[in-house]
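A look at the structure
Residues per chain are reported as follows:
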Amino acid sequence: MGSEIQIGDMTVQVVYKDIKHIHLSVHPPAGAVRIASPLRMDLETLRVFAVTKLAWIRQQQQRLQGQVRQTPREFIDRESHYVWGKRYLLRVEEHVAPAVIELQHSTLVLHVRPGTPTSQRDELLDGWYRQQVRAEVDTLLARWQPTLGVAASHYGVRRMKTKWGTCNTQSRSLLFNSELAKKPAICLEYIVVHELVHLLEPSHNARFVALMDRFMPGWRSHRDELNRLPVRHEEWGY
């Protein structure tokens, strides 16, 4: 069940869910605004809430609209791809054998069967990126969970359009965006710490900020770097 709120020239989409708190989000590419609301909360209360957040909403919209986006990838020879913040040129080699992906100096080599379509090349590379993120997250969790005094129940990695990571505080599960394998490694570490801190403080309030300042003093620069970097081209459904 959903509805809409109009605030001047801004339309806010409202989705009702079985949750305890209001969640406000601004989505790429154009900055669509959404509120996930607890059931039976009236629209006027949600409108007042959105009005109090207008400055933050406008700031997020400006950031998204100014963010550089890649052109669609074709997965052909000499196309640029990134691994942990470093640029590699793609080389496609066709063999009658299972697909393999490897790094060779400044080249990302994609071994595929002859005639493998672009969509499948994309899926293969995303699967490889997921493996890279998983390997790093295993190491980061082993380091940061004892430091923070928390423990996630489990985590997953998949490509996401609107978030770098999420934390379900009820199930204590984490989810990370496979696109983080393209960014400098410190960006993934920042996201891991960010989501783990949510196990101590679910919201982005002053306590959350204080915890981030305590455990990762440079987190703002890592966040800003991540927000400055080009993001993947997507076909958006809204």
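What comes next is a walk through the structure.

What counts, and at which threshold
- Residues numbered from 1 in each chain as written.
- Predicted model: local features only at pLDDT ≥ 70, side-chain atom pairs only at ≥ 80, totals over all residues.
- Heavy atoms only, no water.
- Salt bridge = Lys/Arg side-chain N within 4 Å of Asp/Glu carboxyl O.
- Helix = DSSP H or I, 4+ residues; strand = E, 2+ residues; numbered from the N terminus.
- Buried < 20%, exposed > 50% of the residue type's maximum accessible area, 1.4 Å probe, protein only.
- Disulfide = S-S within 2.5 Å.
- Axes fitted to C-alpha atoms, helices over the stretch in contact; angles between N-to-C directions.
- Parallel < 35°, antiparallel > 145°, perpendicular 65-115°, else oblique.
- Left-handed = near helix turned anticlockwise from the far one by under 90°.
- Contact = heavy atoms within 4.5 Å.
- Pairing = 2+ DSSP bridges.
- Phe/Tyr/Trp six-rings, centres within 6.5 Å; stacked < 30°, edge-to-face > 60°.

Scanning all chains against the criterion turns up 13 salt bridges. Linking Arg159 and Asp122 is a salt bridge whose minimum nitrogen-to-oxygen distance equals 2.8 Å. Note that Arg159 is positioned in the loop between strand 9 (154-158) and strand 10 (165-168) and Asp122 in helix 3 (residues 118-148), a separation of 37 residues in sequence. Note on Arg159: relative accessible area 24%, which makes it partly exposed. When its relative accessible area of 16% is taken as the criterion, Asp122 is described as buried. The salt bridge involving Arg223 is made with Asp224; its shortest N-O contact spans 3.3 Å.

Tallied over the full model, the rule gives zero disulfides. With no disulfide of its own, Cys167 has Cys187 as its nearest cysteine by sulfur position, at a separation of 20 Å.

What follows concerns the packing of helix 3 against helix 4 (residues 185-197). Direction vectors running N to C along helix 3 and helix 4 enclose 45 degrees, while the axes themselves pass 10 Å from each other. Considering their axes alone, helix 3 and helix 4 lie oblique with respect to each other. In terms of crossing hand, the pair formed by helix 3 and helix 4 is right-handed. When helix 3 is examined against helix 4, the residues Val133, Glu136, Val137, Leu140, Leu141, Arg143, Trp144, Gln145 and Leu148 are found in contact with a partner set consisting of Leu188, Glu189, Val192, Val193, Leu196 and Val197.

Note on placement: Val137 falls in helix 3. In this structure Val137 comes out as buried when scored by relative accessible area, which is 0%. Discounting chain neighbours no more than four positions away, the residues touching Val137 are Tyr155, Phe176, Leu188 and Val192.

Strand order across the open sheet formed by four strands is 5-6-8-7, with mixed pairing between neighbours. For this open sheet the edge positions go to strand 5 (80-83) and strand 7 (100-104), each flanked by a neighbour on one side alone. Ignoring which end each strand starts from, the neighbouring axes of this sheet average 35 degrees apart. Two elements, strand 5 and strand 6 (residues 86-94), share four bridges in a ladder whose sense is antiparallel. For Tyr82, the partnering residue across the bridge sits in strand 6 and is Arg87. Strands in contact with helix 3 are strand 5, strand 6, strand 7 and strand 8 (107-112); relative to strand 8, the strand with the most contacts, it is inclined by about 125 degrees.

Moving on to the sheet that holds strand 11 (residues 173-177). The strand order 9-11-10 describes an open sheet built from three strands, whose pairing is mixed. Two strands in the sheet have a free side with no partner beyond their single neighbour: strand 9 and strand 10. Taking the axes of each pair of neighbouring strands and ignoring which way they run, one obtains an average angle of 15 degrees across the sheet. In the packing of helix 3 onto the sheet, the strands contacted are strand 9 and strand 11, and the crossing angle to strand 9 comes to about 150 degrees. Of the strands in this sheet, strand 10 and strand 11 are in contact with helix 4, which crosses strand 11 at around 155 degrees.

We now examine unusual backbone geometry. In this model, Arg78 sits at a positive phi of 70 degrees, which is unusual for a non-glycine residue. Structurally, the position occupied by Arg78 is in the loop between helix 2 (54-66) and strand 5. For Arg78, a relative accessible area of 65% gives the class exposed.

The turn linking strand 5 back onto strand 6 is made up of two residues, and Trp84 within it adopts a positive phi angle of 50 degrees. Direction of pairing for strand 6 relative to strand 8: parallel, over a ladder of six bridges. Opposite Leu89, over in strand 8, you have Thr107 as the bridge partner.

Scanning the model with the defined rule gives three aromatic pairs in all. Ring plane angle 65 degrees and centroid distance 6.1 Å describe the contact between Tyr155 and Phe176, whose orientation is recorded as edge-to-face. Highlighted residues: Tyr155 in strand 9 and Phe176 in strand 11, separated in sequence by 21 residues. The exposure classification of Tyr155 matches that of Phe176, with both residues buried.

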